[in-house]
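# Summary of the model geometry
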Amino acid sequence: MSKRSLALLLILGVATLVGGLLLPNWMSYLFTIAMGKGLVVLGLVLLMRAGLVSFGQGLYYCLGAYVAGMLTQFAEVTDVLLILLASVSFSVVIAAIIGLLLCRYREIFFAMFSMAFSMILYGLLVRNQVLGSTDGFNVANPSLLGWAPGPEGASNLVLAVAVLLVFTLGILAWRYLKSLSGYAGEAVRENEIRLEYLGGSVFKIIYVKYIIAAGLAAIGGTVTALVSGHVDPEMAYWTTSGEFVFIALMGGTGHVAAPIIAAVLFESLRTYASAVAPYTWQMILGFALLAIILFLPSGLWSLVERFQNKKPRKAP
Amino acid sequence: MSALLKTVNLERTFGAVIAATDINIEINSGEIVGVIGSNGAGKTTFINMVTGYIQPSDGDILVRGKSIIGKSPREVSLAGVGRSFQIAQLFQELTVLDNILIAHGFSVDRKLNFLKPLRSADKVGKVRSVLREYEIEEYANEVVSTLPQGVRKLLDIAMAMLSKPGLMLLDEPTSGVAVEDKFLLMDTVMAAIRKSNAATLFVEHDMEVVLRYADRVLAFYDGRVLADGPTQKVLSDPKVQELVVGHHLDLSDVKYATKKDSDHA
Ligand SMILES: Nc1ncnc2c1ncn2[C@@H]1O[C@H](COP(=O)(O)OP(=O)(O)OP(=O)(O)O)[C@@H](O)[C@H]1O
Ligand SMILES: [Mg+2]
């Protein structure tokens with residue numbers, strides 16, 4: 001990445017942050033949620049580029065959120081950095097175990113198995129009285145390195161952390177996709193046999209992507225938990241995972257920015273739709289999805305590509 | 001010294017079909033072996049077994065003296081056995097350049113980099129010279145699925161050769177290629193292979209091509225090795241002519257001139 005584009009990104013990041021902070025509270029709240037979901041979808045996109053659709057990212061989204069919530073409620077840990085570290089580590093460990101089984105499957109089996117695991121978590125949480133069963137429980141306000149802003153300041157803190165994460169992880173993901181590991185995803189999607197004969201381990205490639213996606217989903221869940229001050233089992237429910245797939249299809253897999261932008265659009269569309277049509281907003285979303293599949297099968301990002309009039313990318 | 005490849009009583013059945021049986025052969029380094037046999041004779045089955053794609057029902061396969069039974073294609077390829085496919089196996093929706101870059105990353109660098117760009121200038125320079133060697137550099141930026149068979153076959157072989165295998169198995173490198181281009185393709189491939197000094201088995205239906213490039217011929221018939229020996233000798237064997245070639249070959253015909261003959265001429 002050139003110095004110029006890095007500087008541009010920095011300006012864009014600061015602008016996003018300032019813009020987010022200046023928004024009315026309810027909007028900056030939605031914006032923060034969108035950043036969180038965008039990160040979950042970014043992970044999903046890594047898998048989708050390898051030809052795998054997970055209908056169970058809610059598992060790690062929810063795990064991350066619950067770890068965050070439990071730390072603030074039961075261990076009185078409120079430091080946002082510690083919480084993030086714990087959420088990600090825990091989810092990554094779980095993903096490393098589940099991935100051993102899951103990454104042997106493809107297509108519908110991968111999708112359904114991933115969903116099954118998230119439904120198991122949902123079932124466990126719903127039965128757990130200590131964790132508030134279906135109601136979930138509240139999450140305390142986060143702090144940063146000993147600094148504990150009030151309730152309002154806390155949401156600003158989460159927003160700032162979320163924006164920072166989106167930009168740094170976005171840049172890392174962008175570089176990742178341009179590396180051999182990134183291209184390995186496409187290679188898996190296109191031809192596993194060839195890859196194996198080249199000496200590549202298809203399992204290892206998918207396994208690593210699955211774990212990265214889980215980490216990103218946990219971060220998304222943590223952001224959501226901290227900004228909303230609440231967690232509940234719904235986060236692991238299959239409709240939540242479905243929403244992530246929806247956003248991924250909406251944005252497309254063409255660029256790391258696509259899932260983030262799509263998440264912001266999705267949250268806006270949903271808020272708007274449920275305000276103007278409280279009973280039929282799902283239908284509006286349905287039509288939106290239908291329109292995208294019919295007219296922009298590669299997602300909204302294909303509009304950007306069309307605008308740039310991209311020919312097959314030229315090599316350096 | 002043990003042979004590069006040795007098979008012992010190799011057998012493979014598919015239900016009641018005996019696709020290969022009683023296969024005992026030895027290949028030594030540097031040999032160029034033509035594999036002939038009519039459709040369904042067991043040639044691909046043989047290659048598939050030797051590269052770990054399918055497992056034999058019985059018998060043993062030794063690469064440099066070590067058994068590869070139970071090994072995956074990945075492990076066999078890491079043991080130094082490369083192959084190409086009857087239908088080129090490529091990353092169809094990626095460009096030629098990305099295909100060969102990925103191949104280079106996996107078989108030469110052997111490290112799954114996370115942040116180093118795949119298309120770095122030095123890597124691109126390296127793989128471009130490979131594409132040049134196989135005479136497909138002009139297609140570097142084309143998407144593979146849009147390319148003619150011949151280019152795909154060459155790319156398939158170029159990718160497999162990157163890891164410098166000691167033994168290379170080519171399954172019908174010239175199938176799907178126009179008759180007039182077959183020799184061009186084989187000249188390119190064989191030049192690259194000779195340079196790397198890999199022992200090579202190539203499956204071929206065209207006897208002109210076999211005569212031109214092979215030092216030795218393995219003739220398969222009905223899952224068995226019908227004949228194995230120097231090219232001229234095997235091809236002039238009446239049994240091979242009757243059962244494999246399907247017609248009489250007059251090896252004195254000028255079109256069957258071997259490379260060596262024409263060199264002398
Ligand atoms: N996966 C399979 N399942 C069942 N039978 C198979 C399978 N693979 C090969 N065979 C059978 O084994 C026999 C040998 O097939 P093989 O593909 O090795 O022949 P070949 O010599 O490569 O022929 P061709 O010149 O047509 O490529 C054939 O009778 C074929 O039908
Ligand atoms: Mg065959």
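Look up: the structure comes first, before these words.
Here's what I pulled together on the structure shown here. Owing to the predicted nature of the structure, the values given are computational and were not obtained by experimental measurement.

About the criteria used
- Residues numbered from 1 in each chain as written.
- Chains lettered and ligands numbered in written order.
- Predicted model: local features only at pLDDT ≥ 70, side-chain atom pairs only at ≥ 80, totals over all residues.
- Heavy atoms only, no water.
- Donors = N, O, S within 2.8 Å, 3.2 Å for Na, K, Ca; no water.
- Helix = DSSP H or I, 4+ residues; strand = E, 2+ residues; numbered from the N terminus.
- Buried < 20%, exposed > 50% of the residue type's maximum accessible area, 1.4 Å probe, protein only.
- Contact = heavy atoms within 4.5 Å.
- Near = heavy atom within 4 Å.
- Polar contact = N/O pair within 3.5 Å; in protein donor to acceptor, adjacent residues only side chain to side chain.
- Areas by Shrake-Rupley, 256 points an atom, 1.4 Å probe, with all protein chains shown as cover.
- Nonpolar A, V, L, I, M, F, W, Y, C, P; charged D, E, K, R; others polar.
- Expected span 1.5 Å × (residues − 1).
- Arc of directions from axis to C-beta.
- Buried area = accessible area lost by both parts, 1.4 Å probe.
- Salt bridge = Lys/Arg side-chain N within 4 Å of Asp/Glu carboxyl O.
- Phe/Tyr/Trp six-rings, centres within 6.5 Å; stacked < 30°, edge-to-face > 60°.
- Axes fitted to C-alpha atoms, helices over the stretch in contact; angles between N-to-C directions.
- Left-handed = near helix turned anticlockwise from the far one by under 90°.
- Pairing = 2+ DSSP bridges.

### A word on the coordination of the magnesium ion (ligand 2)
All names here are of chain B. Only Thr 44 (OG1) and Gln 86 (OE1) from the protein reach the magnesium ion (ligand 2) as donors, at distances of 1.9 to 2.4 Å. Remark: Gln 86 occurs in the loop between strand E7 (81–83) and helix H3 (96–109) and Thr 44 occurs in helix H1 (residues 43–50); sequence separation between them is 42 residues. By relative accessible area, which is 32% here, Gln 86 ends up partly exposed.

### Quick word on the environment of Tyr 29 of chain A
Turning to its location among the elements, Tyr 29 of chain A is positioned in helix H2 (residues 25–49). Sequence-distant contacts of Tyr 29 of chain A, that is, excluding residues within four places in its chain, are made with Val 227 and Ser 228 of chain A.

### Quick look at the site of ligand 1
Residues and elements named next belong to chain B. The immediate surroundings of ligand 1 are formed by 14 residues, with Asn 39, Gly 40, Lys 43, Thr 44 and Thr 45 found nearest. In this structure, an oxygen atom belonging to ligand 1 sits 2.8 Å away from a main-chain N or O atom of Gly 40. Summarising the interface, the protein chains cover 62% of the accessible area of ligand 1, which totals 630 Å² for the free molecule. Listing elements by their share of the shell around ligand 1, those giving two or more residues are strand E2 (17–23) and H1. The element best represented in the shell around ligand 1 is H1, accounting for three residues. Here the residues of the shell around ligand 1 are counted per class, giving four nonpolar, eight polar and two charged.

### Side note on helix H1 (residues 3–22) of chain A
Residue and element names in this part refer to chain A. With 20 residues, H1 extends 28 Å between its outermost C-alpha atoms, agreeing within 8% with the 28 Å of an ideal straight helix rising 1.5 Å per residue. Within H1 the residues assigned to the buried category are Gly 13, Thr 16 and Gly 20. All buried residues of H1 fall inside an arc of 65 degrees around its axis, so they share one side. What points out from H1, more than 90 degrees from its buried face, is the exposed set Lys 3, Arg 4, Leu 8, Leu 10, Ile 11 and Leu 22. Contacts from the buried residues of H1 go to H2 and helix H6 (151–178).

### Focus on the interface of chain A and chain B
Contacts between the two partners involve 31 residues from chain A, matched on the other side by 35 residues from chain B. When the area that chain A buries against chain B is broken down by residue, the three leading residues are Leu 180, Arg 194 and Tyr 197 of chain A, summing to 26%. Where chain A touches chain B, the interface holds one salt bridge. Across the salt bridge formed by Asp 156 of chain B and Arg 194 of chain A, the nearest N and O atoms sit 2.3 Å from each other. Counting across the interface, chain A meets chain B through 13 residue pairs in polar contact (both at pLDDT 80 or more). Sorting the residues of the side of chain A that touches chain B by element identifies H6, helix H7 (180–190), helix H8 (192–197) and helix H9 (202–228) of chain A as the ones contributing at least two each. In terms of residue count, the dominant contributor to the side of chain A that touches chain B is H7 of chain A (seven residues). Residues of the side of chain A that touches chain B, tallied by class, amount to 16 nonpolar, six polar and nine charged.

### Digging into the packing of aromatic side chains
Inspection of every chain in the model, using the stated rule, returns 13 aromatic pairs over all chains. Relative to Phe 137 of chain A, the ring of Phe 74 of chain A has its centre 5.8 Å away and its plane inclined at 45 degrees; by these criteria the two rings are tilted. Taken together, the positions of Phe 74 of chain A in helix H3 (residues 58–74) and Phe 137 of chain A in strand E1 (residues 137–138) put the pair 63 residues apart, joining distant regions of the chain. The exposure class of Phe 137 of chain A is buried, given its relative accessible area of 11%. On the numbers, 5.6 Å between centres and 50 degrees between planes, the contact of Phe 46 of chain B with Phe 220 of chain B is tilted. Pair noted here: Phe 46 of chain B is in helix H1 and Phe 220 of chain B is in strand E10 (residues 216–221), with a separation of 174 residues, a long-range link. Each member of the pair, Phe 46 of chain B together with Phe 220 of chain B, is buried.

### Section: the packing of helix H10 (residues 238–251) of chain A against helix H11 (residues 257–276) of chain A
All names here are of chain A. Where H10 contacts H11, the axes come no closer than 8 Å and their chain directions differ by 115 degrees. Crossing geometry of H10 relative to H11 is assigned as right-handed. Between H10 and H11, the contacting residues are Glu 243, Phe 246, Ile 247, Met 250 and Gly 251 on the first element and Ala 258, Pro 259, Ala 262, Ala 263, Leu 265, Phe 266, Glu 267 and Arg 270 on the second. When its residues are assigned to classes, the contact of H10 with H11 shows nine nonpolar, one polar and three charged.

### Description of the pairing of strand E4 (residues 32–36) of chain B
All names here are of chain B. Where burial is concerned, most of E4 is hidden: five out of the five residues are buried. Side-chain alternation along E4 places Ile 32, Gly 34 and Ile 36 on one buried face and Val 33 and Val 35 on a second face that is also buried. Where E4 lies against strand E9 (residues 199–203), four bridges are found, and the strand directions are parallel. What sits directly across from Gly 34, in E9, is Phe 202. As defined by bridge partners, E4 adjoins E10 across four bridges and the pair is classed as parallel. Across the sheet, residue Gly 34 finds its bridge partner in E10, namely Val 217.

### Focus on the sheet that holds E10 of chain B
Residue and element names in this part refer to chain B. Overall, mixed pairing links the six strands, which are arranged E7-E8-E9-E4-E10-E11 in an open sheet. Every interior strand has two partners, whereas the edge strands, E7 and strand E11 (224–230), have only one. Within this sheet the neighbouring strands show an average axis-to-axis angle of 15 degrees, counted without direction. Of the strands in this sheet, E4, strand E8 (167–170) and E9 are in contact with helix H6 (residues 179–196), which crosses E9 at around 160 degrees.

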